Amino acid sequence: KRYKEYLFPCLCPSCNQLSIMSHSQQKEGQLRAIAKHGSVYALDRNLFHSLKGNEVISNLMGLIVIGIGEASRFQGYCAQHDQMIFSPIEREPLSQNRHDQAILLLLRAISYEHAIKRKALIWGNEILKAISDSAPSEENEFFRDFLSGVELYLLRESPFYFQRIFNIICSSAYDQVKTLWSTVDYTLPISTTTVFCPWMDAYEERSSLDKPHPLISFTISPQDGVTHIVVSWLAEHDEDAAWIENKMHSTSGLEELINICIAESEDCCFSIDFWDSLPNETRATVMRNLRPNGLRGSVQELPHIVKLKENANVAFSLTNRKR
C-alpha cells in the first residue's frame, strides 16, 4: 500500500513530468492476439500473495488470470513521451528489418527491467526494516546482498543503457545495435519482453564491478497469423551474444531460445488455453524456473513447453547496418 503512493519521473532524459502506467507489451497487439475474453495468464505481482503461506507456492499460484489492460504495466514514461517515443511500435505493424522498431523494443525491455528492479529495491528495503530485528542473521545477510545487487544495477546498468539507447535513437546510429529478427507464420501462445545477461550460468565467475554487464533484449510478439521474435544487443557485446546468434539461425535453436527466454523473463504472458493444457508437473517446473536467479540458481530441467510446428515457415534475418 505504501509503494502505491510512490511517484516517479518520466524515464525520458530531461523530462520532469510524472510517469504513467505504461505497457511493456502492446495491449491491443501482442496481448490481444493471445487473450481469451480479454485475459491472459501473467505473474502475480501482489507480493503479499507470494508470502502469506506455503500453500500458495505448492498450488502454482505464481500465475494468475488477468485482464490485458492490467498485464505488463509499469511506471515508465509520462503520457506525452510514452505516446511520442513508442508510436512506431504501437501504431504501426511490426516489420522485419525496421531498425527504428527494433531499438524501441530494446528500450521498452530495458525500461521495464529498470522499473521492476526499482520496485524491488524500494519494497525490499521496506520489508527489511520491518523484519530485520526478528529474522535470522543469515537471512538478513542474504536479503541485504540481494538488494545490493539490485541497487548496483540501478546505479550502473540503467544509466549506461538509457544513455546509449537514447543517443542511438536521436542520431539514428542503428549500426551500434545488432538485431536478429525472426518471424513464425502462426500465432504462438506466449508474449514477452525481457532482458537477460548472456553469461547465464557463468554469471558469477564473469561478473565484475568495473563496467556494465551485457544485456540481451528478447521480445516475442504474437500477432494475427504471425509471431515476431526480436533479439537485440549493443554491437560491442557481439562476443558475449555469439551463442545466441548461432541458435537464432535454425528452427531448433530458435525453439530452445524461446523456452530459455520464458525462464529468464519476469514479464511473460500465456494464452489461457495453452497454460491450462500443460501437465501440472510441467507447470511446476516452469514456475520453479521463473523464480529470480538468486533464488533459483541455474536453469534446471528446462521444459520445452513451446514447440515450433514441423511445417512452420520461419524467416530469419540479421540487421546491424544503418538504413
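Structural data are supplied above this passage.
Residues numbered from 1 in each chain as written. Predicted model: local features only at pLDDT ≥ 70, side-chain atom pairs only at ≥ 80, totals over all residues. Heavy atoms only, no water.

S.K.: Sorry, what's going on with the pattern of salt bridges here?
M.R.: Two side chains that carry opposite charge are able to pair once their charged atoms sit near each other. Evaluation of the coordinates by the stated rule reveals 13 salt bridges. For Arg164, the salt bridge goes to Glu236, with nearest N and O atoms at 2.5 Å. Within this pair, whereas Arg164 is found in helix α6 (residues 137-171), its partner Glu236 is found in the loop between β8 (226-234) and α8 (242-247), the two being separated by 72 residues in sequence. Since its relative accessible area comes to 19%, Arg164 is described here as buried. Relative accessible area serves as the criterion here: at 43%, Glu236 is assigned to the partly exposed category. The network of salt bridges with shared partners includes Glu92, Arg98 and Asp100. (Salt bridge = Lys/Arg side-chain N within 4 Å of Asp/Glu carboxyl O. Helix = DSSP H or I, 4+ residues; strand = E, 2+ residues; numbered from the N terminus. Buried < 20%, exposed > 50% of the residue type's maximum accessible area, 1.4 Å probe, protein only.)

S.K.: Which parts of the structure should I look at to understand the pairing of strand β7 (residues 216-223)?
M.R.: Remark: a regular strand shows side chains that alternate across the two faces of the sheet. The element β7 is extensively covered by neighbouring structure, given that eight of its eight residues are classed as buried. Alternating positions in β7 separate into two faces, Ile216, Phe218, Ile220 and Pro222 on one and Ser217, Thr219, Ser221 and Gln223 on the other, with burial throughout. Examined bridge by bridge, strand β6 (residues 190-196) and β7 share five bridges and lie antiparallel to one another. Residue Thr193 lies in a different strand from β7, and its bridge partner there is Thr219. Where β7 and β8 come together, seven bridges link them in antiparallel fashion. Paired with Thr219 across the strands is Val230, a residue of β8. Hairpin connection from β7 to β8: two residues lie between these consecutive antiparallel strands, with Gly225 at a positive phi of about 85°. (Pairing = 2+ DSSP bridges.)

S.K.: Teacher, can you tell me more about the packing of aromatic side chains here?
M.R.: Any two aromatic rings considered together are summarised by their centre-to-centre distance and by the angle between their planes. By the definition in use, this model includes nine aromatic pairs. Ring geometry for Tyr6 against Phe8: centres 6.1 Å apart, planes inclined by 10°, an arrangement best described as stacked. For Phe8, a relative accessible area of 8% puts it in the buried group. Ring plane angle 40° and centroid distance 5.0 Å describe the contact between Phe270 and Trp275, whose orientation is recorded as tilted. Since its relative accessible area comes to 0%, Phe270 is described here as buried. Given a relative accessible area of 4%, Trp275 falls into the buried group. Among the aromatic side chains, those forming a connected cluster through ring pairs are Tyr41, Phe270, Phe274 and Trp275. The ring of Tyr153 carries the charged tip of Lys117 above its face, separated from the ring centre by 4.7 Å. We note Arg118 situated over the ring of Phe8; from NZ or CZ to the ring centre the distance is 3.7 Å. (Phe/Tyr/Trp six-rings, centres within 6.5 Å; stacked < 30°, edge-to-face > 60°. Lys NZ or Arg CZ within 6 Å of the ring centre and 35° of its normal.)

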